Amino acid sequence: MIQFLGSSFHKSIVEQIAKITRSITIISPYVTLPAVNELIRSLPTKIKKRSLVTVPPGVE
């Protein structure tokens, strides 16, 4: 399992993601590919519109 900033954060975000009914947009300047994969696996299959806004690798 991917380690987020504290197990309570991980539990909270997964619980909130499970409640999504239409779409999700995640905005984070720094997110790892394993964290993105974990979030995608947590999404209900009925969610078809997904957006992730971040900075490209190497940009500071």
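Small disclaimer: the values here were computed from a predicted structure and weren't measured.

**Some remarks on the overall build of the protein chain**
Each helix and strand in the protein chain was counted, giving 2 helices and 2 strands. Overall, the protein chain shows an N-to-C arrangement of helices and strands of α-β-α-β. The buried share of the protein chain, taken over its 60 residues, is 23%. Expressed as a percentage of contacts within the protein chain between residues at least 6 apart in sequence, the contacts between residues at least 24 apart total 72%.

**Remarks on helix H2 (residues 33-42)**
Taken residue by residue, H2 has Ala35, Val36, Glu38, Leu39 and Ser42 as its buried positions. What you see down the axis of H2 is that its buried residues fit within an arc of 160 degrees, all on one side. Seen from the open side of H2, the exposed residues pointing more than 90 degrees away from its buried face are Leu33 and Arg41.

Rules behind the numbers
- Residues numbered from 1 in each chain as written.
- Predicted model: local features only at pLDDT ≥ 70, side-chain atom pairs only at ≥ 80, totals over all residues.
- Heavy atoms only, no water.
- Helix = DSSP H or I, 4+ residues; strand = E, 2+ residues; numbered from the N terminus.
- Buried < 20%, exposed > 50% of the residue type's maximum accessible area, 1.4 Å probe, protein only.
- Contact = heavy atoms within 4.5 Å.
- Arc of directions from axis to C-beta.

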